[in-house]
Amino acid sequence: MTAPPRGVRLGVDVGQVRVGVALSDPDGILATPLVTLARDLKTGIEAVPADISEIARLVELHEVVTVVVGLPVTLAGGHGPAATQAKAYAQRLAAAITPVPVDLVDERMSTVVASRRLAERGVRGRRQRAVVDQAAAVEILQSWLDRQRRRTE
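Residues numbered from 1 in each chain as written. Predicted model: local features only at pLDDT ≥ 70, side-chain atom pairs only at ≥ 80, totals over all residues. Heavy atoms only, no water.

Trainee: For this particular structure, what's the right way to read the overall build of the protein chain?
Mentor: A tally of regular secondary structure across the protein chain gives 4 helices and 5 strands. In sequence order, the secondary structure elements of the protein chain are arranged as β-β-β-α-β-α-β-α-α. Within the protein chain, buried positions represent 41% of all 153 residues. Sequence-distant contacts in the protein chain: of pairs separated by 6 or more residues, those separated by 24 or more amount to 62%. Accessible surface, the protein chain as shown: approximately 8500 Å² in total, 56% of it carbon and sulfur. (Helix = DSSP H or I, 4+ residues; strand = E, 2+ residues; numbered from the N terminus. Buried < 20%, exposed > 50% of the residue type's maximum accessible area, 1.4 Å probe, protein only. Contact = heavy atoms within 4.5 Å. Areas by Shrake-Rupley, 256 points an atom, 1.4 Å probe, with all protein chains shown as cover.)

Structure, rendered in structure tokens:
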């Protein structure tokens, strides 16, 4: 299998209240936190929510080649209401950033892992809530990058 094209990838962790965003380097080796956005739940179906507009702006600004959205799969491997919401979000995002592809990826336990890593670094309470979504986006994107690299080795 050939190596994926060079370029920045964007990772997205969709939550009920916030959206965490992470960015990779152009070689697709390392994911780093970028920003946490407030979910815009008041925008109607026809309009583009502010958080999706901001992600579209970031995609253009950083010349992103792929966006990776976390799909919250249950521990049993099923898709519950959160997965349905993530799929709908990914579809709205894909429409806003065409032709950049949006890839849904299993994000099982990403927020738990992110919270644990932040706690290990002494980030707790309110400070952790402010960055846990970014950290979860890093976990989602980094696991996707690692899988892509393993496929081409």
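Trainee: It is not clear to me how the packing of helix α1 (residues 50-61) against helix α2 (residues 81-97) should be interpreted in this structure. Could you clarify?
Mentor: Axes are the key here: two packed helices are described by the angle between their axes and the distance separating the axes. One can describe the packing of α1 onto α2 by two numbers: an axis separation of 10 Å at closest approach and a directional angle of 50°. The orientation of α1 with respect to α2, classified from their angle, is oblique. As for the relative orientation of α1 and α2, their crossing is right-handed in sense. Across from Asp51, Ile52, Ile55, Ala56 and Val59 in α1, the residues of α2 making contact are Tyr89, Arg92, Leu93, Ala96 and Ile97. (Axes fitted to C-alpha atoms, helices over the stretch in contact; angles between N-to-C directions. Parallel < 35°, antiparallel > 145°, perpendicular 65-115°, else oblique. Left-handed = near helix turned anticlockwise from the far one by under 90°.)

Trainee: Looking at this structure, how should I read α1?
Mentor: Because the α-helix completes a turn every 3.6 residues, residues three or four places apart line up on one side. Helix length check: α1, at 12 residues, gives a terminal C-alpha distance of 16 Å against a target of 16 Å (1.5 Å per residue), a fit within 8%. Burial in α1 covers these residues: Asp51, Ile52, Ile55, Ala56, Leu58 and Val59. The arc enclosing the buried residues of α1, seen along the axis, measures out at 160°, which places them on a common side. With respect to the buried face of α1, the exposed residues turned more than 90 degrees away are Glu60 and Leu61. (Expected span 1.5 Å × (residues − 1). Arc of directions from axis to C-beta.)

Trainee: Explanation requested: the side chain of Ser24 in the structure shown.
Mentor: Here Ser24 lies in strand β2 (residues 18-24). Of the residues examined, Ser24 reaches a relative accessible area of 6% and is grouped as buried. Sequence-distant contacts of Ser24, that is, excluding residues within four places in its chain, are made with Gly7, Val8, Arg9, Leu30, Ala31, Leu141 and Leu145.

Trainee: Would you mind showing me how to read the pairing of β2 here?
Mentor: Both faces of the sheet carry side chains from a regular strand, because those side chains alternate between them. With 6 of 7 residues buried, β2 lies mostly within the body of the structure. In this sheet, β2 lies alongside strand β1 (residues 8-14) in antiparallel orientation, the contact comprising 5 bridges. Among the inter-strand pairings, Val12 is bridged to a residue of β2, identified as Val21. Between β1 and β2, which pair antiparallel in sequence order, lie 3 residues. One ladder, built from 7 bridges, connects β2 with strand β3 (residues 31-38); its direction is antiparallel. For Val21, the partnering residue across the bridge sits in β3 and is Val35. (Pairing = 2+ DSSP bridges.)

Trainee: Could you clarify how one ought to interpret the nonpolar core in this entry?
Mentor: Generally speaking, nonpolar side chains in soluble globular proteins are found buried as a group. Leu10, Val12, Ile55, Val59, Val64 and Val67 are the most contacted members of the largest nonpolar core, which totals 21 residues. At the level of elements, β1, β2, α1, β4 (64-71) and α2 are the ones that each hand at least two residues to this core. With 5 residues, the top contributor of residues to this core is α1. Core analysis: the second largest hydrophobic core is formed by 10 residues, Val105, Ala137, Val138 and Leu141 among them. (Core = buried A, V, L, I, M, F, W, Y, C linked by side-chain atoms within 4.5 Å.)

Trainee: Sorry if this is basic, but what is going on with the side chain of Asp51 here?
Mentor: Residue placement: Asp51 occurs in helix α1. A polar atom in the side chain of Asp51 sits 2.8 Å from the side chain of Tyr89. In this view, Asp51 contacts Val19, Leu37, Ala38, Arg39, Asp40 and Tyr89; residues no more than four positions away in its chain are not counted. (Polar contact = N/O pair within 3.5 Å; in protein donor to acceptor, adjacent residues only side chain to side chain.)

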